[in-house]
Amino acid sequence: MAVPASDLASLPFTPWEMFLGAGPVVRLVMLLLIAAALLSWAVFVAKTIELRRVAARLGVAERRIEEASSLQSAQDLCPEEGIVRPLLLAAASEWARSIDALDDRDGLKERIMLHLERLEAAEGRRLLRGTGVLATIGATAPFIGLFGTVWGIMTSFTGIAATRATSLAVVAPGIAEALLATALGLVAAIPAVVIYNYLSRQCLGCKAQLGDLTALILRIVSRDLSRLHVQNGGGQVLHLATARAEQAGR
């Protein structure tokens, strides 16, 4: 059915005009989707900066601990910020608590490893904090937009039935407004999924660096234990172990 040019010129074909012409329910859906899209990008910027800083700190700490000859020198060389110092302090604390059982080297290394794994898991959860909202947006935004579309089409058909008019000028605006809700749902969902996958990969990279640091600390602990057991005389061994415990307790 042909539509007069005057009617086509008056149709709200721009997104802003379609938003203003939408009903309250569809407009609320659009606002929610716009807020979700902005939240996704805000999380992306914040987490990207955070993860890059964490990766840089872990890289510096890894290079410094690689150069350390003992657990104490590793504590002196490592940065004050981040998870590295708690890892070293946990190893030193367990060493101090096991001062009377240093002969059981395997048991000591196992207990230190358990401490480090617990801290490593907690840091991994902290790195992923805030990314769950991206998964929620990516999973629900298309359905929220679809709800707005269905509601808008229902409203359009209700208007057609009320006015008994079937011209394109009556049908098109409502359908266009409804489809705009679906489009906004996709605009919110697709970047959220992409950002979530990107941040997950960055978190996995940081966790891999953290695993390397844990392995370095365990290697230093094993080296220190070997030094203790090759010393000549039990008194010297006891002196070194006591000094280690005093340093860990500071």
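What counts and what doesn't
Here the residue index of a chain counts from 1 through its sequence in written order. Totals for whole chains, interfaces and linings use all residues, but because this is a predicted model, local features are given only for residues with pLDDT of at least 70 and pairs of side-chain atoms are given and counted only at 80 or more. Heavy atoms from the whole structure form the basis of all side-chain values; hydrogens and water molecules are not counted. What counts as a helix is a DSSP run of H or I of at least four residues, what counts as a strand is a run of E of at least two, and both are numbered from the N terminus. Partly exposed residues are those whose accessible area sits between 20% and 50% of the maximum for their type, while under 20% is buried and over 50% is exposed, using a 1.4 Å probe and protein chains only. Pairs of residues are marked as contacts when any of their non-hydrogen atoms sit within 4.5 Å. Think of each axis as a best-fit line through the C-alpha atoms, taken over the contacting stretch in the case of a helix, with angles from 0 to 180 degrees between the N-to-C directions. Any angle between 65 and 115 degrees counts as roughly perpendicular, while under 35 counts as roughly parallel, over 145 as roughly antiparallel, and the rest as oblique. Handedness of a helix crossing follows the sense of rotation of the near helix relative to the far helix, less than a right angle counterclockwise being left-handed and clockwise being right-handed. Any residue outside Ala, Val, Leu, Ile, Met, Phe, Trp, Tyr, Cys, Pro, Asp, Glu, Lys and Arg is labelled polar, Gly included; the first ten of those are nonpolar and the last four are charged. Stacked, edge-to-face and tilted are the three classes for Phe, Tyr and Trp ring pairs, Trp counted by its six-membered ring, which pair at centre distances within 6.5 Å; planes under 30 degrees apart are stacked, over 60 edge-to-face, the rest tilted. Note on terminology: a nonpolar core comprises buried Ala, Val, Leu, Ile, Met, Phe, Trp, Tyr and Cys residues joined through side-chain atoms within 4.5 Å. Salt bridge, as applied in this entry: a Lys or Arg side-chain nitrogen positioned within 4 Å of an Asp or Glu carboxyl oxygen. Within this analysis, patches are made of residues with over 30% relative accessible area and no salt bridge. Like charges are joined at 9 Å or less; nonpolar side chains (Val, Leu, Ile, Met, Phe, Trp, Tyr) at 5 Å or less. The Shrake-Rupley method, run with a 1.4 Å probe, gives the accessible areas here. Residue values count only the displayed protein chains as cover.

(A) Quick peek at the overall build of the protein. Each helix and strand counted, the protein has nine helices and zero strands in total. In sequence order, the secondary structure elements of the protein are arranged as α-α-α-α-α-α-α-α-α. Counting across all 250 residues of the protein, residues that qualify as buried make up 39%. If you take every contact in the protein between residues at least 6 apart in sequence, the share linking residues at least 24 apart comes to 79%.

(B) Main features of the packing of helix H5 (residues 84-97) against helix H6 (residues 105-128). Between H5 and H6, the least distance of the axes is 9 Å, while the angle of their chain directions is 150°. Here H6 runs roughly antiparallel to H5, going by the angle between their axes. Crossing handedness for the pair H5 and H6: right-handed. Together, Pro86, Leu87, Ala90, Ala91, Glu94 and Trp95 of H5 and Leu108, Arg111, Ile112, His115, Leu116 and Leu119 of H6 make up the contact between the two elements. Taken together, the residues that form the contact of H5 with H6 break down as nine nonpolar, one polar and two charged.

(C) Fine view of the environment of Ala92. With respect to the element layout, Ala92 can be found in helix H5. In this structure Ala92 comes out as buried when scored by relative accessible area, which is 1%.

(D) A look at the packing of aromatic side chains. Under the counting rule described, the total for this entry stands at three aromatic pairs. Relative to Phe44, the ring of Trp41 has its centre 5.7 Å away and its plane inclined at 90°; by these criteria the two rings are edge-to-face. With Trp41 and Phe44 both in helix H3 (residues 24-67) and three residues apart, this pair spans about one turn of that helix. The exposure class assigned to Trp41 is partly exposed, which follows from its relative accessible area of 45%. On the basis of relative accessibility, which here comes to 25%, the residue Phe44 falls in the partly exposed class. Here the aromatic residues Trp41, Phe44 and Tyr198 are joined through ring pairs into a cluster of three or more.

(E) Examining the nonpolar core more closely. Of all hydrophobic cores here, the largest spans 37 residues; its most connected members are Leu58, Leu71, Val84, Leu88, Ile217 and Val221. Those elements that place two or more of their residues in this core are H3, helix H4 (71-77), H5, H6 and helix H8 (168-230). Non-local contacts of Ile217, meaning those with residues more than four positions away in its chain, are made with Leu71, Leu87, Leu88, Ala91 and Leu116. Ala141, Ala176, Ala181 and Ala192 belong to the second largest nonpolar core, which has 16 residues in total.

(F) Inspection of the pattern of salt bridges at higher detail. Using the criterion set out here, one finds five salt bridges in the structure. Across the pair Glu50 and Arg126 runs a salt bridge whose closest N-O atoms are separated by 3.0 Å. In this pair, Glu50 is assigned in helix H3 and Arg126 in helix H6, connecting sequence segments 76 residues apart. For Arg126, a relative accessible area of 27% puts it in the partly exposed group. Taking the shortest distance from any N to any O, the salt bridge between Glu94 and Arg111 comes out at 3.0 Å. You can see Glu94 sitting in helix H5 and its partner Arg111 sitting in helix H6, a full 17 residues away along the chain. Salt bridges here are not isolated pairs; linked through shared partners, they connect Lys47, Glu50, Glu123 and Arg126.

(G) Broad picture of a nonpolar patch on the surface. Together, Phe143, Leu146, Phe147, Val150, Trp151 and Met154 make up a nonpolar patch on the protein surface, roughly 610 Å² of accessible area in all. Within the secondary structure, Val150 is located in helix H7 (residues 132-163). Overall, the relative accessible area of 41% leaves Val150 in the partly exposed class.

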